[in-house]
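Understanding the architecture of this molecule
Each chain is listed here by its residues.
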Amino acid sequence: MVTFLSGGTGTPKLLRGADDIFPPAETTVVCNTGDDVELGGHLVCPDVDTVLFLGGDELDLDTWWGIADDATVTDDELHRLADAAGLDGGPRYLPDEQQTSGREIARWRRFSGVAEFMLIGDRDRAVHLTRTGLLDEGHTLTEVTRTLADAFDTPWEVLPMSDDPVASIVHTPDGPMHFQEFWVGRDGDPTVESVELRGGTEATATDAVLTALDDPVVVGPSNPITSIGPMISVEGIESALRETPVVAVSPFVEDRVFSGPAAKLMAAEGFDPSTAGVAEAYDFADAFVLDSEDGTDLDRPVVRTDTRLDTEADARRVAEACKDALEVVA
């Protein structure tokens, strides 16, 4: 049995080729929900859905977001209507008083659906409608995620990191903004002063997540600040990680990041944007998988391989290195 911590695209890319190394029936994937937003009244869980769609062979592997070949009729019409009515495009936050009222699962991250700033395909939207409807019927996010995983025939057990809301808020000279505004709405351009994991200290891990963390853990090459950081902020998760074997794959090759805003966000939070900084952030990790060209000297066991994840063969190679590293520390 093994548990993966997943956020963004790094861990899903690793999972794509891991089946022969870590059998899906014996694998749990705990997903970041700090990136979630409520858009037009519907809860969107990007990191959860990437894993669900990947497992169901539905993921758009060009963008690693949404469902492949999905139509965008509704999204197109939303933008046409906004243009015709003279409405400004997004991101359009709902008023402050509506950010913390009503449905608690969507607190601090509510956006209007007017000229929505995230591209949501039509089939993808059906997932968000179903998720939100089930939540409104009284089901937990964990229960809803299991239901959707069954609908997509996702082979792993997929769990949200908590049933409580945590929002990744990026503080910039222009003021605070949700991570999705920073990354999707503004292409990651704003200067980052700090990152706040709003709600993290109030959120608790579910029994299902804590049970999963009894097993050895693989932290994929995800963003340490806004993909893995929200999970660590949830009560119970970091302490559980300190009690089980943990192997982490660095998203850097020394000081070169493979993709995404990890370097900018790590620097803002006082970590060196490098593999050494990742090791500092992951002081609970027992071993690391580093790229063959990464000469960083760490104080923990290291397994080196080519850590590119462009193909399924790449993913299998890195998964094998993770297995080797787990055997060292198990």
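Okay, so let's go over this structure. All values reported here derive from a predicted model rather than from experimental measurement. (Residues numbered from 1 in each chain as written. Predicted model: local features only at pLDDT ≥ 70, side-chain atom pairs only at ≥ 80, totals over all residues. Heavy atoms only, no water.)

Taken in spatial order, the seven strands line up as S6-S2-S1-S10-S11-S14-S15 in an open sheet, and their pairing is parallel. The sheet is open, and its two borders are formed by strand S6 (157–160) and strand S15 (302–305), each paired with just one other strand. The average undirected angle you get between the axes of adjacent strands in this sheet is 20°. The pairing of strand S2 (residues 27–31) with S6 spans four bridges and is parallel. Paired with Val30 across the strands is Leu159, a residue of S6. Strand contacts of helix H2 (residues 46–55): strand S1 (2–6), S2 and S6, with the helix running at about 150° to S2, the strand carrying the most contacts. (Pairing = 2+ DSSP bridges. Helix = DSSP H or I, 4+ residues; strand = E, 2+ residues; numbered from the N terminus. Axes fitted to C-alpha atoms, helices over the stretch in contact; angles between N-to-C directions. Contact = heavy atoms within 4.5 Å.)

Right, let's get into the packing of helix H5 (residues 122–136) against helix H6 (residues 141–151). Relative to each other, H5 and H6 sit at 140°, their axes nearing to 9 Å. One way to sum up the angle between H5 and H6 is to call them oblique. Considering how the two elements wind past one another, H5 and H6 form a crossing that is right-handed. Residue-level inspection shows Val127, Thr130, Arg131, Leu134 and Leu135 of H5 in contact with H6, the latter providing Leu141, Val144, Thr147 and Leu148. Of the residues in the contact of H5 with H6, the class split is six nonpolar, two polar and one charged. (Parallel < 35°, antiparallel > 145°, perpendicular 65-115°, else oblique. Left-handed = near helix turned anticlockwise from the far one by under 90°. Nonpolar A, V, L, I, M, F, W, Y, C, P; charged D, E, K, R; others polar.)

What follows deals with unusual backbone geometry. Excluding glycine, most residues fall at negative phi; most peptide bonds, likewise, are trans. The linkage connecting Gly90 with the following residue, Pro91, adopts the cis geometry, with an omega of 0°. Within the fold, Pro91 resides in the loop between helix H3 (73–85) and helix H4 (96–99). With phi around 55°, Asp57 is a residue other than glycine that occupies positive phi space. When you line up the elements, Asp57 lands in the loop between H2 and H3. Of the residues examined, Asp57 reaches a relative accessible area of 73% and is grouped as exposed. (Buried < 20%, exposed > 50% of the residue type's maximum accessible area, 1.4 Å probe, protein only.)

Now for the packing of aromatic side chains. A complete count under the given rule lists six aromatic pairs for this structure. With a centroid separation of 4.8 Å and an interplanar angle of 50°, the aromatic rings of Phe111 and Phe117 are classed as tilted. For the pair Phe111 and Phe117, a shared accessibility class is recorded, and that class is buried. Measuring from centroid to centroid gives 5.4 Å for Tyr282 and Phe284, while their planes differ by 40°, and the two rings are tilted. Grouped by ring-pair contacts, the aromatic residues Tyr93, Phe111 and Phe117 constitute a single cluster. (Phe/Tyr/Trp six-rings, centres within 6.5 Å; stacked < 30°, edge-to-face > 60°.)

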